[in-house]
Amino acid sequence: MGTINSAFNIATGALEADQAALNVVANNVANVNTTGYTREVPNFETADSVQIGSNIYGNGVTMTGGVSQRDSVLQQSLDQQTQAESSSAARLTALDQVQSVFSSATAAGTSASGATVGISQDMASFFNAMSALEAGPSNTSLRQQVLSAAGNLATDLNSASQKLTEEQQSLNQQSGSLVGEINNLTASIAELNAQIGSLGTTGDAGSLVDARATAIAKLGTLIGVNQIQTENNGVTLTTASGALLVTGTQNFALSTGSVGGMTHYFDANGNDITTGLMSGGGQLGGLLTVRDQDIPQMQTSLDTLAWNLGTAINTQNAAGVDANGNPGGAIFSLPATSAGAAAQISVTMTDPTLIAAAASGDGSQNGSNAQAMADIANQAVVSGVTPTNYYSDFVTSLGALVSDVQSQNSAEQASVTQLQNQVGAISGVSLNEEAASMQTLEQAYQASSKVFTILNTVMTAALNLGNGTTYA
């Protein structure tokens, strides 16, 4: 009877194991649309055998729980690529806004007709006005057109510089607002580390690990992170430049402070890590790249154009004679150096008779110096090229940068999609696959039930000796 009782125990254990496995499959099906859920498969293990004398008897099977289907290397690759894509997407969005500043109809200066014009057209209008003045230096209206064109050019340079500053400040606010969310996520990840660690190495933390993976993925869209697996199924997180964010059950919050009017970022030890974050990935990396790299370069280019062009025109005007027979003065007001020139340039001359259209010694009604100022359009006075070509190259370079970032982002999106599909093939729930597993487990359950029925029939036959017993 002991052997039959053992068989009953084995059959009962099999029923319980199959039922538990069916529960795992059912849970997979229930979470098919749950974001971040990782598919689990039942883990069957042979129960400890029993030795009686020289004989060893099997003791059936147990189901120790569901095992999450993860590929940590693949998941980290996805996280890293997501960080890069998030960074380039944020940079692209910001650059699109910046590029609009230099489109043909965004500058603030207005022509006499009231139409909005751009910097390139402003320069052409100014040089054309100077060329027209050469033919009629005594014409007050032509002189006024020169000052009006100069005013439009200065105003548009001011406007472009101001809009760049506004975009920079907007990015500064956007980037600063991310810190609170970053700190909340690192605190949550540290807490999940603690909960997962409390389960030990034998347990599959399942939903807790899923929650942590989701939090890490979200963190990666905000800031570039490096992930290191540690004991007790924990993770340590650092920024891309190595600043500690999470280790074990402790998180290290980032802080902010103003440096030169811009928000800077500090680790838990007070070290300024702003530069490292700029190249680290995530939204923060993309925003900081435009704020601290792209826009300052554009401002410098505008300043160079404004200062060199304004200086060349002022120098040439000073070489001539105005309508009153006096040496020419400055048409534009400029700072001592190119720094800030685009924001500060203005037309200091208000009296059109002070334009030195005549060359010195040729009489006040001569227009040769006006032509000399018009010829500046074709002179390499701005970083070795003409003003128009310099500005054209600047706008072209900006367009090329936007195009490059767009291509980079498209490639990264494709890579993210590919990795997501690979992760999904391992960790995602397939209803077809779950249906097949459920059918297999149901058959196993039915088979165990059949063994139970047979054993019951055998037991009945043994207890009813002498009576025929039929069983299938």
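For the structure, check the block above.
First, a word on scope: everything that follows refers to the structure included in this document. Note that the coordinates shown come from a computational prediction; the quantities given were computed from them, not determined experimentally.

Calculation criteria
- Residues numbered from 1 in each chain as written.
- Predicted model: local features only at pLDDT ≥ 70, side-chain atom pairs only at ≥ 80, totals over all residues.
- Heavy atoms only, no water.
- Helix = DSSP H or I, 4+ residues; strand = E, 2+ residues; numbered from the N terminus.
- Rg over C-alpha atoms; globule rule 2.2 N^0.38 Å.
- Buried < 20%, exposed > 50% of the residue type's maximum accessible area, 1.4 Å probe, protein only.
- Contact = heavy atoms within 4.5 Å.
- Lys, Arg positive; Asp, Glu negative; His and termini not counted.
- Charge placed at Lys NZ, Arg CZ, Asp CG, Glu CD.
- Axes fitted to C-alpha atoms, helices over the stretch in contact; angles between N-to-C directions.
- Parallel < 35°, antiparallel > 145°, perpendicular 65-115°, else oblique.
- Left-handed = near helix turned anticlockwise from the far one by under 90°.
- Nonpolar A, V, L, I, M, F, W, Y, C, P; charged D, E, K, R; others polar.
- Phe/Tyr/Trp six-rings, centres within 6.5 Å; stacked < 30°, edge-to-face > 60°.

Topic: the overall build of the protein chain
The helix and strand tally for the protein chain stands at eleven helices and 14 strands. Against the compact-globule benchmark of 23 Å for 472 residues, the protein chain has a radius of gyration of 38 Å, which places it well outside the compact range. In terms of overall dimensions, the protein chain has C-alpha extents of about 145 × 45 × 30 Å along its principal axes. Per-residue burial for the protein chain yields a buried fraction of 42% across its 472 residues. Sequence-distant contacts in the protein chain: of pairs separated by 6 or more residues, those separated by 24 or more amount to 66%. The protein chain carries 9 positive and 34 negative side-chain charges, and their two centres are separated by 6 Å.

Re unusual backbone geometry
Even without a glycine there, the phi angle at S383 is positive, about 50 degrees. In this structure, S383 sits in the loop between α9 (368–374) and α10 (387–427). Since its relative accessible area comes to 56%, S383 is described here as exposed.

Quick notes on the packing of helix α4 (residues 140–198) against helix α5 (residues 207–222)
Running from N to C, α4 and α5 cross one another at 155 degrees; their axes reach a closest spacing of 9 Å. Judged by the inter-axis angle, α4 sits roughly antiparallel to α5. Classified by chirality, the crossing of α5 by α4 is left-handed. Residues L178, E181, I182, L185, T186, I189, L192, N193, Q195 and I196 of α4 pack against L208, V209, A211, R212, A215, I216, K218, L219 and L222 of α5. Split by residue class, the contact of α4 with α5 holds 13 nonpolar, three polar and three charged.

Description of the side chain of T186
As for its placement among the helices and strands, T186 is situated in helix α4. What makes T186 buried here is its relative accessible area of 1%. Leave out the neighbours within four places in its chain, and T186 touches L219, L245, V246 and N251.

Thoughts on the packing of helix α3 (residues 119–135) against α4
Taken N-terminus to C-terminus, the directions of α3 and α4 make an angle of 160 degrees; their axes are 9 Å apart at the nearest point. With respect to their mutual orientation, α3 and α4 come out roughly antiparallel. Considering only the axes of α3 and α4, their crossing is left-handed. Every residue of α4 that contacts α3 at I119, D122, M123, S125, F126, A129, M130, A132 and L133 is listed here: L142, R143, Q145, V146, A149, A150, N152, L153, D156, L157 and A160.

Some words on the packing of aromatic side chains
Tallied over the full model, the rule gives four aromatic pairs. Each ring, one from F126 and one from F332, has its centre 6.1 Å from the other, and the planes form 50 degrees; the classification is tilted. You can see F126 sitting in helix α3 and its partner F332 sitting in strand β12 (residues 332–333), a full 206 residues away along the chain. Judged by its relative accessible area of 1%, F126 falls in the buried class. Assessed through its relative accessible area of 3%, F332 is described here as buried.

Some details on the environment of L178
Looking at the element boundaries, L178 is found in helix α4. On the basis of relative accessible area, L178 is assigned to the buried category, the value being 8%. Sequence spacing of L178 and L222 is 44 residues, and the spatial spacing of their C-alpha atoms is 7.0 Å. Not counting the four nearest positions on each side in its chain, L178 is found in contact with L222, Q283, L284 and L287.

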